[in-house]
Amino acid sequence: MVTNAFRKMGKSLAISALLAWERAESGVSYNPVSRKIKTYPYDRYDEIRSKDPVHRLRMINAWVLTRYEDVDTVLRDNKRFSHSSGYYTEYKSFLDLDPPDHTRLRGLTSRAFTPRAVARLESRIQVLVDELLDAVEGKERFDLIEDFAYPLPVTVIAEMLGVPPEDRDRFREWSNGVALSIEPTLDDEQDRIIQKSGESLFAYFEEIIEQRRRHPREDMISALLAVEDEGDKLTRQELLGVLLLLLVAGNETTRNLIGNGMLALLAHPRQMQLLRDNPDMIGSAIDEMLRYDSPVQVDGRVVVEDVEIGGKLLRPGQRALCLIGAANRDPAVFANPNTLDITRREKSHMSFGRGIHHCLGAPLAILEGRVAFASLLGRFSSIRLAAQPEYQDQVVLRGVKQLWVDVERAPRIRPTIAKPVGAGAGV
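These numbers were taken from a predicted model, which means no experiment stands behind them. (Residues numbered from 1 in each chain as written. Predicted model: local features only at pLDDT ≥ 70, side-chain atom pairs only at ≥ 80, totals over all residues. Heavy atoms only, no water.)

**Things to note about the overall build of the protein**
Then step 1. Within the protein, the secondary structure is distributed over 17 helices and 10 strands.
Then step 2. The proportion of buried residues among the 427 residues of the protein is 58%.
Then step 3. Roughly 18,300 Å² of accessible area belongs to the protein as shown, and the carbon and sulfur atoms make up 49% of that amount. (Helix = DSSP H or I, 4+ residues; strand = E, 2+ residues; numbered from the N terminus. Buried < 20%, exposed > 50% of the residue type's maximum accessible area, 1.4 Å probe, protein only. Areas by Shrake-Rupley, 256 points an atom, 1.4 Å probe, with all protein chains shown as cover.)

Next comes the structure, spelled out in structure tokens:
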């Protein structure tokens, strides 16, 4: 996770001088908080990779990594690169920890989040998708984000946690506010929203946790309360940290997978038609969407000991910023990397991370994406971009605020969802 070192740096008068320093050193500079980068970062990624692939970032004490091999190395090496930074300081999840604490906490949590448990959700996810698409029935234009990509993952998570239907609206508002905490550049109002949403969520979860202690149900909170390994259980703070992580990791990232993936298909109509004609390619299509425009663009580590990468010496205490979006478009690994190709058979993307922090919720994100796109293409014979989208003002996550599309109905035939060959994404 990128640290708070970026916070409010956009207001610093020294930024121009620091960027000039970078350009003098390497011939290229990187300003992650610029609007141009947030809208379309890939040209700058290519420039950094070609001129200075292990780039000294002068805004903070950090190095920017853009090559697939380098990013893969750092994310897999938890001994020389620590994941000690956090998105919410009071309640830490295993995303913030290194072994042995990470091993213990992830091991306990994974018992309640197995691929088999996720697979059982498919029929319910299909029902939710159908209900959302039924709600826009008769509309020739709608916002794919607000009407579909946003409510789907947050409703899935709410149901998994056992949030009752009458509380869903409040839960969505709180979870959306807390999701801001993953970003390193926040203003005072956003900080206030995060704090207020977090306090409301934790108070709400405390009440549900006590209810589930007395009367367990078939939901994830009950399962997390029940997990035990040789007498070792989740503490109160650990449980709250895990619940917060599930909200952040399972909400906006999946929303962006659907939004970014649809934008990619709209920009590559032949690929969309290929997927329509070959629905059994949905698995490889989801993987390629994740590679082409990753919902998570940056993942950070703290250097623990002297490490040489690409002829550059990274010192203890410095940060290694792994540009996931750049690694996913490394031409040394992916042929024609700036083109969407759902038939691609090259190395796997890094959008779900690597190593011990590989995303625990990857199977769920993939399942939601598979059901969502199979149903969208099955429901609509034509999907066209109705307005140019505006990207969120974010550094770590990448996604659009709105995605207005014009659609035409197809004959109502239930889509067939090909079973995944494998799954995988970072916590």
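**Side note on the sheet that holds strand β9 (residues 380–385)**
Then step 1. With respect to topology, 3 strands assemble into an open sheet ordered β4-β10-β9, the strand pairing being antiparallel. Each edge of the open sheet carries a strand with a single partner, namely β4 (141–143) and β9. Direction aside, neighbouring strands of the sheet carry axes that sit 35° apart on average.
Then step 2. Pairing of β9 with strand β10 (residues 404–409), which is carried by 5 bridges, proceeds in the antiparallel orientation. Counted as the bridge partner of Leu 385 is Val 405 from β10. (Pairing = 2+ DSSP bridges. Axes fitted to C-alpha atoms, helices over the stretch in contact; angles between N-to-C directions.)

**A word on the nonpolar core**
Then step 1. Grouped together as the largest cluster of nonpolar side chains are 85 residues, with contacts concentrated most on Phe 148, Leu 161, Phe 171, Phe 205, Met 262 and Leu 275.
Then step 2. A total of 15 residues in this core trace back to one element, the largest contributor, which is helix α13 (residues 236–267).
Then step 3. With near-sequence residues (within four places) excluded, Phe 171 lies in contact with Val 154, Ile 157, Ala 158, Leu 161, Val 163, Leu 201, Phe 205 and Leu 247.
Then step 4. Counting residues in each nonpolar core, the second largest holds 18 residues, with Val 54, Phe 81, Ile 309 and Met 350 among its members. (Core = buried A, V, L, I, M, F, W, Y, C linked by side-chain atoms within 4.5 Å. Contact = heavy atoms within 4.5 Å.)

**Observations concerning the packing of aromatic side chains**
For any pair of aromatic rings, the description consists of the separation of the ring centres together with the inter-plane angle of the planes.
Then step 1. On inspection of all chains with the given rule, the structure shows 7 aromatic pairs.
Then step 2. Ring centres of Tyr 42 and Tyr 45 lie 5.6 Å apart, and the angle between their planes is 85°; this geometry places the pair in the edge-to-face category. One end of the pair is Tyr 42 and the other is Tyr 45, both in helix α3 (residues 42–51) and 3 residues apart, which spans about a single turn.
Then step 3. On the basis of relative accessibility, which here comes to 2%, the residue Tyr 42 falls in the buried class.
Then step 4. Pairwise contacts between aromatic rings join Phe 171, Trp 174, Tyr 204 and Phe 205 into one cluster.
Then step 5. Its end group placed over the ring of Tyr 42, Arg 329 keeps NZ or CZ at 3.6 Å from the ring centre. (Phe/Tyr/Trp six-rings, centres within 6.5 Å; stacked < 30°, edge-to-face > 60°. Lys NZ or Arg CZ within 6 Å of the ring centre and 35° of its normal.)

**So, the sheet that holds strand β3 (residues 81–82)**
Then step 1. The strand order across the open sheet built from 5 strands is β1-β2-β8-β5-β3, with neighbouring strands paired in mixed fashion. Each of the sheet's edge strands pairs with one partner strand only, and the pair in question is β1 (54–57) and β3.
Then step 2. With 4 bridges joining them, β1 and strand β2 (residues 62–65) adopt antiparallel strand pairing. Looking across to β2, one finds that Leu 57 is bridged to Ala 62.
Then step 3. Across the face of the sheet, helix α4 (residues 68–76) comes into contact with β1, β2, β3, β5 (298–303) and β8 (319–323) while running at roughly 125° to β8.

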